[in-house]
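# Secondary and tertiary structure notes
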Amino acid sequence: MKILKNVNLEILKKSIIWILLFIIFLYSWVFIYSYVFEQDKIAIDKYNFEQLEKIKSFLDNYKTEIEFRNLNEFNYKYKLDIKPIKNCYYMKTTNYVDNYKWKSDYILWFQLESLIYKFIYFWWNYVYPKYDLPIDYICIWWKKCNYDSNKASFEITISNSCDD
């Protein structure tokens, strides 16, 4: 019985080492690939995060009630010049989100372009603050469907330029 425990422990140690080596290899490959082939996409992501910081600092310092439905309205109302490079940003204050009670006053969402940023944030898109809005349920008499209207609106917004 003691031999069996030692064997299992050795297998567990080797398995953990192989998994860690695989993760290190994967992240190294993504890092090298991104910095060799995706310089333009990395530049877009860096720019988007710089714009996000401008928006966050403005909204965090703004003491009165804020309301906006999209980026264009935000720029117009508050006389800011936030411009995305590639696709539009999804921006909205929560008082426009069907009276949901949400932990934050606003949501900022944009699409990540480079593979390295997708690996860093474990997602294809970046949301600030964390996306925790409830999902709208649409039920059809023969089938129950889950539909997230906010995410659907986001997908449309970030896949187009800001011309609205």
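The coordinates are above.
Notes on the structure in this doc start here. (Residues numbered from 1 in each chain as written. Predicted model: local features only at pLDDT ≥ 70, side-chain atom pairs only at ≥ 80, totals over all residues. Heavy atoms only, no water.)

Quick reminder: α-helices carry 3.6 residues per turn. Residues three or four places apart thus point the same way. Burial in helix 3 (residues 71–78) covers these residues: Leu71, Glu73, Phe74, Asn75 and Tyr78. Its buried side turned inward, helix 3 meets helix 2 (39–61) and strand 1 (90–93). In this structure asparagine 70 caps helix 3, since a side-chain oxygen of it lies 3.3 Å from the backbone nitrogen of asparagine 72. (Buried < 20%, exposed > 50% of the residue type's maximum accessible area, 1.4 Å probe, protein only. Helix = DSSP H or I, 4+ residues; strand = E, 2+ residues; numbered from the N terminus. Contact = heavy atoms within 4.5 Å. Polar contact = N/O pair within 3.5 Å; in protein donor to acceptor, adjacent residues only side chain to side chain.)

What follows is about the pattern of salt bridges. Per the counting criterion, the structure on display carries 4 salt bridges. The partner of aspartate 81 in a salt bridge is lysine 83, with the nearest N and O atoms 3.6 Å apart. (Salt bridge = Lys/Arg side-chain N within 4 Å of Asp/Glu carboxyl O.)

To continue, consider the nonpolar core. Counting residues in each nonpolar core, the largest one holds 25 residues, and the members touching the most others are Leu59, Phe68, Phe74 and Met91. For this core, the elements supplying multiple residues, two or more each, are helix 2, helix 3, strand 2 (106–111) and helix 4 (115–121). Looking at this core, the element that brings in the most residues is helix 2, giving 6 residues. Leave out the neighbours within four places in its chain, and phenylalanine 74 touches Ile55, Phe58, Leu59, Phe68, Lys79, Leu80, Ile82 and Met91. If you look at the next biggest cluster of nonpolar residues, it comprises 6 residues, including Tyr90, Ile107, Trp109 and Val127. (Core = buried A, V, L, I, M, F, W, Y, C linked by side-chain atoms within 4.5 Å.)

What follows concerns the sheet that holds strand 3 (residues 125–128). Strand order in the open sheet formed by 3 strands is 1-2-3, with antiparallel pairing between adjacent strands. Each edge of the open sheet carries a strand with a single partner, namely strand 1 and strand 3. Adjacent strand axes in the sheet meet at a mean angle of 10°, parallel and antiparallel pairs treated alike. One ladder, built from 4 bridges, connects strand 2 with strand 3; its direction is antiparallel. Bridge pairing in strand 3 links tryptophan 109 to valine 127. Each of strand 1, strand 2 and strand 3 touches helix 2; the most contacted strand, strand 2, lies at about 175° to it. (Pairing = 2+ DSSP bridges. Axes fitted to C-alpha atoms, helices over the stretch in contact; angles between N-to-C directions.)

With 23 residues, helix 2 should cover 33 Å at 1.5 Å per step; its first-to-last C-alpha distance of 33 Å lies within 8% of that length. Buried within helix 2 we find Ile42, Ile44, Asp45, Asn48, Phe49, Gln51, Leu52, Ile55, Lys56, Phe58 and Leu59. (Expected span 1.5 Å × (residues − 1).)

For any pair of aromatic rings, the description consists of the separation of the ring centres together with the inter-plane angle of the planes. Within the structure shown, the criterion is met by 14 aromatic pairs. Their ring planes at 80° and their centres at 5.2 Å tell us that phenylalanine 49 and phenylalanine 110 sit as a pair that is edge-to-face. Taken together, the residues phenylalanine 49 in helix 2 and phenylalanine 110 in strand 2 connect sequence positions 61 residues apart. Of the two residues, phenylalanine 49 and phenylalanine 110, neither departs from the other in class, the shared state being buried. Geometrically, the ring pair formed by phenylalanine 74 and tyrosine 78 is tilted, given 5.5 Å between the ring centres and 55° between the ring planes. With phenylalanine 74 and tyrosine 78 both in helix 3, this residue pair falls 4 residues apart, about one helical turn. Of the residues examined, tyrosine 78 reaches a relative accessible area of 13% and is grouped as buried. Ring pairing ties together the aromatic residues Phe49, Tyr89, Phe110, Tyr117 and Tyr121, which thus form one cluster. When the ring centre of tyrosine 76 is taken as origin, the NZ or CZ atom of lysine 79, which lies over that ring, is 5.2 Å away. (Phe/Tyr/Trp six-rings, centres within 6.5 Å; stacked < 30°, edge-to-face > 60°. Lys NZ or Arg CZ within 6 Å of the ring centre and 35° of its normal.)

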